[in-house]
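# Observations on the three-dimensional arrangement
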Amino acid sequence: MGKVAAKIKVMPQSPDVDLDDLQERLENTLPEGAKINGVERDEVAFGLVALYPTVIVPDDAGGTEAVEEEFGNVDGVESVEVENVGRI
């Protein structure tokens, strides 16, 4: 059984969202077997900063759909989009 790494773009609802708190809430919603292996931040526009967590999931977990769904349900998240996926 291998693992898959996915870089996921998480857009907060507004520039007022506390990114440290949002990052912690994302980590707390991960499905079993998934983990975050680093988070990058990138200013998008007008003070809005996107989070780019790299999520490691088991290959047999069915991809990143469960992670995307959980991230999308976190309070303060506007959108979730997979940027990159690869085997590790």
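Residues numbered from 1 in each chain as written. Predicted model: local features only at pLDDT ≥ 70, side-chain atom pairs only at ≥ 80, totals over all residues. Heavy atoms only, no water.

Remark: a regular strand shows side chains that alternate across the two faces of the sheet. The pairing of strand 2 (residues 35-45) with strand 3 (residues 48-58) spans eight bridges and is classified as antiparallel. Note on strand 3: the bridge partner recorded for Ile36 is Val55. Between strand 2 and strand 3, which pair antiparallel in sequence order, lie two residues; one of them, Phe46, sits at a positive phi of approximately 50°. (Pairing = 2+ DSSP bridges. Helix = DSSP H or I, 4+ residues; strand = E, 2+ residues; numbered from the N terminus.)

The next point concerns the side chain of Thr64. Along the chain, Thr64 falls in the loop between strand 3 and helix 2 (65-72). With sequence-adjacent residues up to four places away left out, Thr64 is seen in contact with Ala6 and Val82. (Contact = heavy atoms within 4.5 Å.)

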